[in-house]
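# Residue-level structural notes
The residues making up each chain are set out below.
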Amino acid sequence: MTYSARRTRWLRALTAAALVLFVLALLMDFLYVGPEKEQGEAQRIFYVHLGSFLGAFISFGVSVLTGVMYLLRRDARWDVLSLSGVEMGLGFSGITILTGMAWAKPIWQTWWTWEPRLTSVAIMWLAYAAYMMLRAGIEDPEQRQRFAAVYSVLAFGSVVFTIIIVRVRPDTIHPVIAGPTQADPTGSFEVTGRIRDTLLFNLFVFAVITVALLWHRVRLENLARLVEQRKLQALTGHWGD
Amino acid sequence: MSAGPRKLRPLMPTWRAVLAIAWKDVRAELRGRELVSAMLLFTLITVLVFSLALELDANARRDAAAGVLWVTVAFAGILGLGRSLSAEYDRGSLDALLLAPIARSALFFGKLVGNLLFVLITALLLLVLLSVLFNLALVQPLLVLVVLLGCIGFTTSGTLIASMSVHARAREALLPVLLLPVALPVLIAAVRASGAIINDLPSDDWLPWLELLAAADVLFLAAAVALFDYVVEE
């Protein structure tokens with residue numbers, strides 16, 4: 001398998017677009033929206049916080065859908081996508097957690113608190129870290145892909161848990177931007193016109209970045225598997241197809 | 001026999017196959033006595049370690065009892081689940097079970113019933129042990145119900161995940177890493193419900209957790225039945 005020049009050009013164009021959009025998004029975060037009236041400069045990190053969570057949600061969503069597709073079709077290409085989704089999701093949710101901690105220090109006066117959403121997002125991250133451990137522990141490729149797909153379905157439960165927890169638990173202090181909240185959140189703010197513009201643009205940009213990175217990761221994985229295959233062929237002397 | 005792939009009809013009804021597999025595990029345990037005794041000894045040691053580490057007075061014991069209960073059940077359960085599946089794998093009897101003309105779900109529920117029995121025995125004896133050592137009235141119907149529901153959810157996800165981790169390198173280390181994040185919603189709900197009941201709080205404080213626990217059990221059972229076929233297909 002080799003990649004056509006045409007697809008490579010498309011990927012390069014998408015990557016360049018993602019970079020330009022990200023710079024624009026940062027400019028908006030720092031220049032277009034003014035400091036928030038209660039939280040000041042600290043609120044600016046919120047756009048990256050929610051943007052990266054959207055990236056994580058898309059990635060984990062891709063991983064569970066393609067995991068199910070792998071179980072139904074047994075095509076290794078679905079497994080490549082599922083693995084890429086988990087890796088991207090781990091990175092993005094890592095950014096979500098770190099930016100959240102940076103925001104919580106000035107607003108909540110602490111880096112970390114055992115609050116329902118923080119706890120559930122930590123569980124989510126650990127579940128996907130366990131997914132990587134499972135893959136590393138199984139030798140047989142077919143079995144590794146099958147078990148990974150099964151576990152990607154189980155791990156997605158923690159993503160759903162993270163999203164619904166602040167809406168069912170009344171004692172959370174984590175702010176909720178959209179939808180109903182029964183909570184008494186600490187650090188909520190009023191969504192003004194400029195804040196909404198910046199937020200929507202950031203969400204769009206992070207979606208583009210996620211797609212571009214997923215594409216790169218899938219391509220890398222395909223090439224890595226191709227190299228494995230070629231090595232095996234060179235060792236056994238069979239060049240077959 | 002006719003040619004072509006044809007789905008074989010199971011030779012015995014599913015519930016009899018389930019009971020047969022569970023009974024096999026119980027008989028093996030009655031003869032070998034390695035699983036439950038190891039879990040019970042581990043439980044005893046864990047409670048001792050907790051008592052030493054936390055240096056609890058009467059009030060602190062009441063607050064810590066639910067946490068000690070479920071951490072101990074989870075770790076003892078992991079010990080038992082790992083052993084139960086790796087014994088089948090090492091002796092090659094898993095292949096024999098897979099060859100048996102029974103539904104795969106019967107195999108899953110058979111192992112689940114056996115595992116659940118062992119984990120439940122351990123958990124109920126732990127309740128008695130904590131009642132004595134922590135001087136609390138823990139053997140009460142509501143708490144037994146929470147223990148039952150918690151053990152069902154934990155053992156269901158545990159049996160499914162242990163059937164995967166048994167094939168891995170370093171399987172003893174992998175099982176807790178894989179199982180705990182998945183089972184945590186069950187454990188959290190169980191700890192909260194038990195804690196509220198131990199502290200004699202009104203039903204508003206434990207009923208939502210009990211409902212969450214029951215819902216999680218149903219979800220885990222459904223997910224495990226749907227996914228188990230894909231775990232054991234070779």
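Bear in mind that the values here come from a model prediction, so they are computed numbers and not experimental data.

Cut-off values and rules
Residues numbered from 1 in each chain as written. Chains lettered and ligands numbered in written order. Predicted model: local features only at pLDDT ≥ 70, side-chain atom pairs only at ≥ 80, totals over all residues. Heavy atoms only, no water. Helix = DSSP H or I, 4+ residues; strand = E, 2+ residues; numbered from the N terminus. Rg over C-alpha atoms; globule rule 2.2 N^0.38 Å. Buried < 20%, exposed > 50% of the residue type's maximum accessible area, 1.4 Å probe, protein only. Contact = heavy atoms within 4.5 Å. Areas by Shrake-Rupley, 256 points an atom, 1.4 Å probe, with all protein chains shown as cover. 1 Å grid on protein atoms, 1.4 Å probe; cavity = no way out; pocket = protein on both sides within 12 Å on 5 of 7 lines; lining within 4 Å. Points joined across faces, edges and corners; volume = space filled by probe spheres on them. Nonpolar A, V, L, I, M, F, W, Y, C, P; charged D, E, K, R; others polar. pLDDT = per-residue confidence, 0-100. Buried area = accessible area lost by both parts, 1.4 Å probe. Salt bridge = Lys/Arg side-chain N within 4 Å of Asp/Glu carboxyl O. Polar contact = N/O pair within 3.5 Å; in protein donor to acceptor, adjacent residues only side chain to side chain. Expected span 1.5 Å × (residues − 1). Phe/Tyr/Trp six-rings, centres within 6.5 Å; stacked < 30°, edge-to-face > 60°.

### Here's the deal with the overall build of chain B
If you tally the helices and strands in chain B, you get eight helices and zero strands. Tracing chain B from N to C terminus, the helices and strands come up as α-α-α-α-α-α-α-α. In summary, chain B has a C-alpha radius of gyration of 19 Å against a globular reference of 17 Å for 234 residues, a match within 12%. The proportion of buried residues among the 234 residues of chain B is 47%. In chain B, once contacts between residues fewer than 6 apart in sequence are set aside, the share between residues at least 24 apart is 81%. When the accessible surface of chain B is summed, it comes to about 11400 Å², and 67% of that surface belongs to carbon and sulfur atoms.

### Topic: the layout of surface pockets
Put simply, the largest pocket is a space of about 1400 Å³. Surrounding the largest pocket, 48 residues form its lining, Phe161 of chain A together with Leu184, Pro185, Val186 and Ile188 of chain B being those nearest its centre. Partitioned by chemical class, the residues of the lining of the largest pocket number 37 nonpolar, five polar and six charged.

### Digging into the confidence of the model for chain B
Per-residue pLDDT for chain B averages 88, and the proportion of residues at 70 or more is 95%. For the stretch residues 1–5 of chain B, pLDDT sits under 50, and the model shows zero contacts to residues farther than four places along the chain or on other chains.

### Structural notes on empty space enclosed by the protein
For the coordinates displayed, the defined rule picks out two cavities of 30 Å³ or more. Reported here for the largest cavity is a volume of approximately 50 Å³. If you list the elements that add at least two residues to the lining of the largest cavity, you get α5 (104–133) and α6 (141–165) of chain B. Here the lining of the largest cavity is composed, by residue class, of five nonpolar, two polar and one charged. For the second largest cavity, the full set of lining residues is Leu154 of chain A together with Ser157, Leu160, Val182, Phe220, Ala223 and Ala224 of chain B. Considering every element that reaches the lining of the second largest cavity, the biggest residue donor is helix α8 (residues 203–231) of chain B, with three residues.

### Quick word on unusual backbone geometry
In this model, Arg74 of chain A sits at a positive phi of 55°, which is unusual for a non-glycine residue. Within the fold, Arg74 of chain A resides in the loop between α2 (46–73) and α3 (76–108). The backbone phi angle of Ala170 of chain B is positive, close to 50°, even though this residue is not glycine. Assignment of secondary structure puts Ala170 of chain B in the loop between α6 and α7 (171–198). Given the relative accessible area of 53%, Ala170 of chain B is considered exposed.

### Focus: the interface of chain B and chain A
Between chain B and chain A, the contact holds 23 residues from the first and 23 residues from the second. Of all residues in chain B, the largest losses of buried area upon contact with chain A belong to Met164, Arg169 and Tyr230 of chain B, amounting jointly to 27% of the total for that side. For the pair chain B and chain A, the number of links is one salt bridge. Arg169 of chain B is the partner of Glu139 of chain A in a salt bridge, and the nearest nitrogen-oxygen pair spans 2.8 Å. Counting across the chain B and chain A interface gives seven residue pairs in polar contact (both at pLDDT 80 or more).

### Side note on helix α1 (residues 5–32) of chain A
All names here are of chain A. If you check α1, its first and last C-alpha atoms are 38 Å apart, about what 28 residues at 1.5 Å a residue would give, namely 40 Å. Burial in α1 covers these residues: Thr8, Leu11, Ala18, Leu21, Ala25, Met28 and Asp29. Structurally, α1 contributes buried residues whose contacts are with α2 and α6 (193–236).

### Observations concerning the packing of aromatic side chains
Residues and elements named next belong to chain A. Summed over all chains, the structure comprises nine aromatic pairs over all chains. Ring plane angle 10° and centroid distance 3.8 Å describe the contact between Phe60 and Tyr128, whose orientation is recorded as stacked. With a gap of 68 residues between them, Phe60 in helix α2 and Tyr128 in helix α4 (residues 116–137) connect regions that are remote in the sequence. Comparing Phe60 with Tyr128, the two get one shared label, buried. Ring geometry for Trp103 versus Trp108: centroids 5.4 Å apart, planes at 75°, classification edge-to-face. Across the pair, exposure class does not vary: Trp103 and Trp108 are buried alike. In textbook terms, an aromatic cluster arises when at least three aromatic residues are bridged by ring pairs, as seen for Phe22, Phe92 and Phe206.

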